[in-house]
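Tertiary structure, described
The residues making up each chain are set out below.
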Amino acid sequence: MRLTTAQALVKFLAGQYSERDGVEQRLVPGTWGIFGHGNVAGIGQALLQHADEMPYYLARNEQGQVHAAAAFAKMRNRLQTFACTASTGPGSTNMITGAALATTNRLPVLLLPSDMFATRYPDPALQQLEDTRGGDVTVNDAFRPVSKYFDRITRPEQLIPAALAAMRVLTDPVETGAVTLCLPQDVQAEAFDWPEEFFRRRVWHVGRPVPEPDALRRAVALLRSAKAPLIVAGGGVVYSEAEHELRVFAEATGIPVADTHAGKGAIPWDHPCAVGGIGSTGTTAANALAAEADVVLGIGTRYSDFTTASHTVFGNPDVRFVNLNVARLDAAKHSAEMLLADAKRGITALHEALGDWQVDEAYRARARMLAEDWNRKADACFTVGHQPLPAQTEILGALNAALDDRDVVINAAGSMPGDLQMLWRARDPKAYNVEYAFSCMGYEVAAGVGTKMAAPDREVVVLVGDGSYLMMAQEIVTMVSEGLKVIIVLVQNHGFASIGALSESLGSQRFGTRYRYRSDDTGQLDGTVLPVDLAANAESLGATVLRASTVDEFTAAIAQAKANSTTTVVHVETDLYGPNPPGSAWWDVPVSEVSELESTRKAYETYSATKRAQRHYL
């Protein structure tokens, strides 16, 4: 079958399927792209020619299209994703941040950056990097460290093994992440006689590995020895669709369940065993239990520094870990007893092997008491009655109350992830999408696009601060053009609230974190507030805009936004300075050891004292 390389790739992708538990679906149901001279006549022509087989979606920023693809993959439990095409040079390098996000979050995305001429006839070509170390280096080599698989197709026939390898990685729960196939623009348009077998329908089976019997025996023995065990539920529980198994296991054993950002919703917030988020921005309930835990059962978690509060939250000097994870990298962390298995199969195996074992009733009651005490504190955060501007926690409380269990909230960076992990009350495993592995400012709006495409039957609510909004808001235009109904809650506080508060606590006096005019008196950015109207900006991009200045007005605006049939932005201003939810853990951000500033010297004293609790879990 004689086709160009680009045509062959598009036709190949249209025939790839994933399967788990007997359910088959298109692995790559569409392609995002922005065309330039590097791909318009190659991949662009192929997508036009095969439009019936491979739908095309136009993004407004190359980074944004990767975020949309990652959010789509997250919503579809990593069983589907999009391809993303970009032109040479800056068009392609714009995707690198998205690639890093996908790989850090272990989310499959297929990236097709255009590359320089393989023949090197027009050398140097427009946008070509001339590297004195070698003629085969291009800007696309920057994708290597942030990709789980990388290849450059310099001859058409190289596509056959490369495309198959790409599908293998995309569908591997352990290895998945960004997959990058660089496509020189001349090779995209070069014809080749392809074997028809290359285009046959292929099904990539996503298995559910079961625990090895001896590993299961060791894990069960350690759990049986526990007096104060704690479960940490991570994203692996959600991706494995193991929510039911987790709840049944927790109910039977009485082990309290804390969650990470990726695991929130795996167990309903009001479940008798739920104790909320754990770690640096965790609840007082989860962190109190973590401090006492003698055995920690990590299920599908990678133990980020926020989960462990920079290796301080698990305070018992004799704490031991059992890590149930499909990835050996994560299962081995903290010198754990490793249980290499799919979360769904692994929890079931643990439950059967433990039999009727359960924690003491007194420990079960203590966990419940701590959770109820935290819920009262959260209620107080939701109803603080702050004046003259509402507190951010009040806005989150009003939003949480207004949304249904299946409605999805999206966030990634700033002060809101911390507030959300502590306060958000999720009952559905897909109702909470806070990207906190890469915590990428600008993810939110683009993720709203991908999430709504993956779940058109759900209300999708993007929570974004003014800092992240200014990083990347242009995919609002994509929402409008694709007819996607998304609610965007734009929280305006005229600065970087999270980093500002962190700066102040570390002795750096909120330097460089507020959106202000440069002052004639100090020469710093600490003058009056800038006259920025982000609501007007959103309206200019095609969204319906509602403005709110009080909690009651915000509640009414959310009700109107839910009733609307088009993308709606609800703009609300909150107090940059809080108040914030009560913290109960630490995060390691080093403070200058010497300084002329008294504020920094005092912060270093606090930092040094707190750091003494930090240790390796050996």
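What this report covers is the structure whose coordinates are included nearby. Every value quoted in this text rests on a predicted model; they were computed, and no experiment measured them. (Residues numbered from 1 in each chain as written. Predicted model: local features only at pLDDT ≥ 70, side-chain atom pairs only at ≥ 80, totals over all residues. Heavy atoms only, no water.)

On inspection of all chains with the given rule, the structure shows 17 aromatic pairs. Between Tyr303 and Phe321 the ring centres are 5.9 Å apart and the planes differ by 85°, which places this aromatic pair in the edge-to-face class. One end of the pair, Tyr303, is in the loop between β15 (295-299) and β16 (320-325); the other, Phe321, is in strand β16, and 18 residues separate them in sequence. With respect to class, Tyr303 is no different from Phe321; both count as buried. Ring centres of Trp586 and Tyr607 lie 5.8 Å apart, and the angle between their planes is 45°; on these two criteria the pair is classed as tilted. Separated by 21 residues along the polypeptide, Trp586 in the loop between β23 (568-573) and α23 (598-611) and Tyr607 in helix α23 bring together distant segments of the chain. With respect to class, Trp586 is no different from Tyr607; both count as buried. Among the aromatic residues, those joined into a cluster by ring pairs are Phe12, Phe192, Trp194, Phe198 and Phe199. The ring of Tyr17 is capped by Arg201, whose NZ or CZ atom sits 3.9 Å from the centre of that ring. Positioned over the ring face of Tyr432 is Lys264, at 5.7 Å from the centre of the ring. (Phe/Tyr/Trp six-rings, centres within 6.5 Å; stacked < 30°, edge-to-face > 60°. Helix = DSSP H or I, 4+ residues; strand = E, 2+ residues; numbered from the N terminus. Buried < 20%, exposed > 50% of the residue type's maximum accessible area, 1.4 Å probe, protein only. Lys NZ or Arg CZ within 6 Å of the ring centre and 35° of its normal.)

This part takes up the side chain of Thr176. As for its position among the elements, Thr176 is in the loop between α6 (159-170) and β9 (178-184). Judged by relative accessible area, Thr176 falls into the buried class, the value being 2%. A distance of 3.1 Å separates the side chain of Thr176 from the backbone oxygen of Leu170, its partner in a polar contact. (Polar contact = N/O pair within 3.5 Å; in protein donor to acceptor, adjacent residues only side chain to side chain.)

Next up on the list: the sheet that holds strand β8 (residues 149-152). Ordered in space as β5-β4-β6-β7-β9-β8, the 6 strands form an open sheet in which the pairing is parallel. Looking along the sheet, the strands with just one partner apiece sit at the ends: β5 (56-58) and β8. Averaged over all neighbouring strand pairs, the angle between strand axes comes to 20°, with direction disregarded. Examined bridge by bridge, strand β6 (residues 83-86) and strand β7 (residues 109-115) share 4 bridges and lie parallel to one another. Counted as the bridge partner of Thr85 is Leu112 from β7. (Pairing = 2+ DSSP bridges. Axes fitted to C-alpha atoms, helices over the stretch in contact; angles between N-to-C directions.)

One pass over the structure, following the stated rule, counts 0 disulfides. In this structure Cys440 is a free cysteine whose sulfur lies 14 Å from that of Cys84, the closest cysteine sulfur available. With relative accessibility at 6%, the residue Cys440 sits in the buried group. (Disulfide = S-S within 2.5 Å.)

On the basis of which strands lie adjacent, the open sheet formed by 6 strands has the order β14-β13-β12-β15-β16-β17 and parallel pairing. Whereas interior strands pair on both sides, the edge strands pair on one side only; in this sheet they are β14 (274-277) and β17 (337-340). Ignoring strand direction, the axes of neighbouring strands in this sheet form an average angle of 20°. Against the sheet, helix α10 (residues 243-253) touches β12 (229-233), β13 (257-259) and β15, its axis set at about 170° to β12. (Contact = heavy atoms within 4.5 Å.)

Time to look at the packing of helix α8 (residues 213-224) against helix α13 (residues 343-354). Two elements in contact, α8 and α13, have axes separated by 10 Å at closest approach and are oriented at 60°. With respect to α13, the axis of α8 lies oblique. Where α8 crosses over α13, the two elements pack in a sense that is right-handed. Facing Leu216, Ala219, Val220, Leu223 and Arg224 of α8, the residues of α13 in contact are Ala349, Leu350, Ala353 and Leu354. (Parallel < 35°, antiparallel > 145°, perpendicular 65-115°, else oblique. Left-handed = near helix turned anticlockwise from the far one by under 90°.)

In this section: α23. Given a rise of 1.5 Å per residue, 14 residues ought to cover 20 Å, and the 20 Å separating the end C-alpha atoms of α23 matches this to within 8%. Among the residues making up α23, those that are buried are Thr600, Ala603 and Tyr607. Across the axial projection of α23, the buried residues extend over an arc of 60°, all falling on one side. Within α23, the exposed residues directed more than 90 degrees away from the buried face are Lys602, Glu605 and Thr606. (Expected span 1.5 Å × (residues − 1). Arc of directions from axis to C-beta.)

Here the focus is the layout of surface pockets. Considering only enclosed or pocket space, the second largest pocket measures out at about 320 Å³ in volume. Lining the second largest pocket we find 19 residues, and of these Phe117, Arg120, Gly135, Asp136 and Thr138 sit closest to its centre. For the lining of the second largest pocket, the per-class residue count stands at 7 nonpolar, 5 polar and 7 charged. (1 Å grid on protein atoms, 1.4 Å probe; cavity = no way out; pocket = protein on both sides within 12 Å on 5 of 7 lines; lining within 4 Å. Points joined across faces, edges and corners; volume = space filled by probe spheres on them. Nonpolar A, V, L, I, M, F, W, Y, C, P; charged D, E, K, R; others polar.)

Let's shift gears to empty space enclosed by the protein. All told, the structure shown has 4 cavities of 30 Å³ or more when counted by the stated rule. Considering only enclosed or pocket space, the largest cavity measures out at about 690 Å³ in volume. Of all the secondary structure elements, the ones that give two or more residues to the lining of the largest cavity are α9 (235-239) and β16. Broken down by element, the residue count for the lining of the largest cavity peaks at 3 residues, all from α9. Roughly 180 Å³ of volume is contained in the second largest cavity. Trp269, Val275, Gly276, Asn375 and Trp424 are, among the 22 residues lining the second largest cavity, the residues nearest its centre.

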